[in-house]
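# Coordinate inspection notes
The residues making up each chain are set out below.
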Amino acid sequence: MWENLFISLNAVIPFVIYLIFGYGLRAAGLADRKLMGELNQLLFKGFFPILMFDNIYGNREHLGGGGRFVAISVVTLAVLLVLLVLYVPKFVKENSRRSVIIQALYRSNTLLFVLPLAESLFGSGSQALASMALAVLIPIYNVFATVLFEYYRGEKVSPGQLMISILKNPLIFGALVGFAFVLLEIRLPLCIETPVS
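Per chain, residue numbering runs from 1 following the sequence as it is written. Residues qualify for local features only when their pLDDT is at least 70, as the model is predicted, and side-chain atom pairs are given and counted only at 80 or more; totals for whole chains, interfaces and linings, by contrast, use all residues. The side-chain numbers reported here are obtained from all heavy atoms of the structure, hydrogens and water having been left aside.

### Some words on the overall build of the chain
- In this text, helices come from DSSP runs of H or I with a minimum length of four residues, and strands from runs of E with a minimum of two, each type numbered from the N-terminal end. Per the secondary structure count, the chain includes nine helices and zero strands.
- Seen in sequence order, the chain has helices and strands lined up from the N terminus as α-α-α-α-α-α-α-α-α.
- Its C-alpha atoms give the chain principal-axis dimensions of roughly 55 × 45 × 45 Å.
- Taking the intrachain contacts of the chain between residues at least 6 apart in sequence as the baseline, contacts between residues at least 24 apart amount to 74%.
- Here the chain has roughly 12,800 Å² of accessible surface; of this, 69% comes from carbon and sulfur atoms.
- When the 15 positive and 11 negative side-chain charges of the chain are each reduced to one mean point, those points stand 12 Å apart. In this description, contact between two residues means that some pair of their heavy atoms is separated by no more than 4.5 Å. Computed with the Shrake-Rupley method and a 1.4 Å probe, the accessible areas treat only the protein chains shown as cover for residues. By the counting scheme adopted, Arg and Lys are positive, Glu and Asp are negative, and His together with the chain ends is not counted. Where a charge lies is defined by one atom per residue type: Lys uses NZ, Arg uses CZ, Asp uses CG and Glu uses CD.

See the structure below:
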């Protein structure tokens with residue numbers, strides 16, 4: 001029991017420290033809302049694609065056998081989505097709010113939390129499996145969000161628009177490039193591999 005408690009604390013406490021640190025930066029006047037917004041954009045469009053690429057490229061030996069984990073993740077998400085679509089409308093009457101609430105319940109800041117948590121609990125190799133799952137789950141998140149918002153607005157969804165929104169996602173781009181490098185057995189020179197990792 002105590003061992004499980006310590007594992008949980010070691011996994012969660014770093015996130016609490018990040019939050020306290022961010023709050024301290026804002027309280028000290030070192031970071032305002034504008035700077036935080038710009039940093040979010042920089043992380044999402046600049047660094048997270050590299051992180052997704054490196055988690056797949058740098059952990060290629062851990063990718064075998066990840067299909068079952070990804071399948072379980074997809075099935076779990078599908079069950080959650082069905083339950084939310086069935087039950088949220090019973091409690092939320094306005095269509096405009098239904099889509100927002102459903103999305104808020106199934107979509108979290110997975111990249112920020114899943115990868116560090118996986119490494120904290122299961123070691124560095126687990127990040128490759130988590131990245132594989134994210135590479136599949138993020139397009140599902142995006143497709144479902146688009147369908148959800150259009151449905152509750154009474155509009156039809158264009159398959160072309162869905163594909164464009166998926167391919168424009170920087171996380172998906174990074175993961176696809178990582179998979180391409182692994183499948184084509186492309187190795188980066190050490191002078192590039194080091195700064196990427």
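### Section: the pattern of salt bridges
- Throughout this description, the term salt bridge denotes a Lys or Arg side-chain nitrogen within 4 Å of a carboxyl oxygen of Asp or Glu. Here the structure, examined in full by the defined rule, presents three salt bridges.
- The residue glutamate 38 makes a salt bridge to lysine 34 at a minimum N-O spacing of 2.8 Å. Of the two residues, glutamate 38 and lysine 34 are both situated in helix 2 (residues 33-57); the distance of four residues between them amounts to about one turn of the helix.
- Under the scheme applied here, a residue whose accessible area is under 20% of the maximum for its type counts as buried, over 50% as exposed, and between as partly exposed, the area being computed with a 1.4 Å probe on protein chains only. The class of glutamate 38 is partly exposed, set by a relative accessible area of 41%.

### Notes on a nonpolar patch on the surface
- A patch is a set of surface residues, each over 30% in relative accessible area and not in a salt bridge, joined within 9 Å for like charges and within 5 Å for the nonpolar side chains Val, Leu, Ile, Met, Phe, Trp and Tyr. Together, Trp2, Leu5, Phe6, Leu9, Ile13, Ile17 and Tyr18 give the surface a local cluster of nonpolar side chains, amounting to about 740 Å² of exposed area.
- Looking at the secondary structure, you find leucine 5 in helix 1 (residues 2-27).

### Let's talk about unusual backbone geometry
- Positive phi values are uncommon outside glycine, yet glutamate 185 reaches one of about 55°.
- Tracing the sequence through the fold places glutamate 185 in the loop between helix 8 (170-183) and helix 9 (190-196).
- Glutamate 185 sits in the exposed class, given a relative accessible area of 66%.

### What to know about the side chain of serine 73
- Its location among the elements puts serine 73 in helix 3 (residues 66-91).
- Contact partners of serine 73, with chain neighbours within four places excluded, come to Ala133 and Leu137.

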